[in-house]
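Geometric and topological summary
Each chain, letter by letter, is given below.
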Amino acid sequence: MDLQSQILLRHDKQNMILIREYVGDDPQRFANLMKLFFSDQYRIQQRTSWAVMHCVTRQPTLITPYLEKMINLLDKPVHDAVKRNITRILRDIDIPKAFHGQVADHCFRLLGDATSPVAIKAFSMYILQKIVRAEPELANELRLIIEKHLPYESPAYGVAAQKVFKQLKQSGI
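Report follows, based on the coordinates. (Residues numbered from 1 in each chain as written. Predicted model: local features only at pLDDT ≥ 70, side-chain atom pairs only at ≥ 80, totals over all residues. Heavy atoms only, no water.)

**A closer look at the packing of helix 3 (residues 27-37) against helix 4 (residues 42-58)**
At a closest axis distance of 8 Å, the pairing of helix 3 and helix 4 adopts a crossing angle of 145°. The chirality of how helix 3 crosses helix 4 is left-handed. Between helix 3 and helix 4, the residues in contact are F30, L33, M34, L36 and F37 and I44, Q45, T48, S49, A51, V52, C55 and V56, respectively. (Axes fitted to C-alpha atoms, helices over the stretch in contact; angles between N-to-C directions. Helix = DSSP H or I, 4+ residues; strand = E, 2+ residues; numbered from the N terminus. Left-handed = near helix turned anticlockwise from the far one by under 90°. Contact = heavy atoms within 4.5 Å.)

Here you go:
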C-alpha cells in the first residue's frame with residue numbers, strides 16, 4: 001500500500017481503520033507512517049496523526065522510538081488535530097518517567113491556552129493527572145490551573161475536571 005496516497009484518498013474513519021489494519025504491528029510499516037507524520041506537509045501530517053493514533057491504540061509499543069520527536073511537535077505550529085491525537089496517545093500510553101517534565105510542561109501550557117480546543121485541554125488534564133501520581137508535587141498546580149479556567153470553559157471541560165479531581169482524591173493526592 002502507498003500510505004501517502006491512501007491517506008490523501010479519503011479522510012474518514014473507514015480509511016483510517018484500513019491503514020491501521022495494513023500497518024498492524026509491523027515496525028517497518030509503522031516507520032513509513034511516522035515519516036508521513038513528521039512531514040512538513042500540513043494536510044498529510046494532519047491526516048496521518050489520526051492513523052498513527054489508531055495504530056498506537058492497537059499496538060502502544062510501536063510509538064516508543066518516536067515518542068520524544070512526537071512530544072516535541074506539541075511546541076510546533078501544527079494543526080490542532082495533530083496536537084489532539086498526540087495528547088490522546090499520551091493519555092493512553094505509559095509515559096516514561098524521563099519524559100514527565102517535558103510532557104507536563106506542554107500539557108500545562110496547552111491547558112492554560114485559551115485558544116486550545118477543549119479536547120486537547122481534556123486530554124492534557126488526564127495526562128497531567130497520570131504524571132501527578134508519580135510527581136505529587138505538581139498536584140496543586142494542576143488543581144489551580146483547572147479551577148482558574150473552569151468558569152470560562154465548556155461543559156466538556158467541566159466533566160473532565162470533575163473526573164480528574166475525583167481520581168486525584170481517590171489517589172490521596
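**So, the packing of aromatic side chains**
Per the stated rule, a full pass over the model turns up 2 aromatic pairs. Residues F37 and F38 carry aromatic rings whose centres are separated by 5.1 Å and whose planes lie at 70° to one another, so their mutual orientation is edge-to-face. By the burial criterion, F37 is buried, and F38 matches it. Here the guanidinium or amino end of K69 rests over the ring plane of F38, the centre of that ring lying 4.5 Å away. (Phe/Tyr/Trp six-rings, centres within 6.5 Å; stacked < 30°, edge-to-face > 60°. Buried < 20%, exposed > 50% of the residue type's maximum accessible area, 1.4 Å probe, protein only. Lys NZ or Arg CZ within 6 Å of the ring centre and 35° of its normal.)

**Quick look at helix 2 (residues 13-23)**
For an α-helix, 3.6 residues make a turn, and residues three or four places apart therefore share a direction. Inspection of helix 2 places N15, M16, I19, R20 and V23 among the buried residues, and these make up the whole buried set. Around the axis of helix 2, the buried residues are gathered within 140° of arc, so they sit on the same side. In this fold, the buried residues of helix 2 make contact with helix 1 (3-9), helix 3 and helix 4. A positive backbone phi angle near 55° is found at G24, which sits one or two residues after helix 2. (Arc of directions from axis to C-beta.)

**What to know about the packing of helix 8 (residues 118-134) against helix 9 (residues 139-149)**
Contact geometry of helix 8 with helix 9 gives a least axis separation of 10 Å together with a crossing angle of 160°. The orientation of helix 8 with respect to helix 9, classified from their angle, is roughly antiparallel. Crossing of helix 8 over helix 9 shows left-handed handedness. Facing M125, L128, Q129 and V132 of helix 8, the residues of helix 9 in contact are A139, L142 and I146. When the residues that make up the contact of helix 8 with helix 9 are grouped by side-chain class, the tally is 6 nonpolar, 1 polar and no charged. (Parallel < 35°, antiparallel > 145°, perpendicular 65-115°, else oblique. Nonpolar A, V, L, I, M, F, W, Y, C, P; charged D, E, K, R; others polar.)

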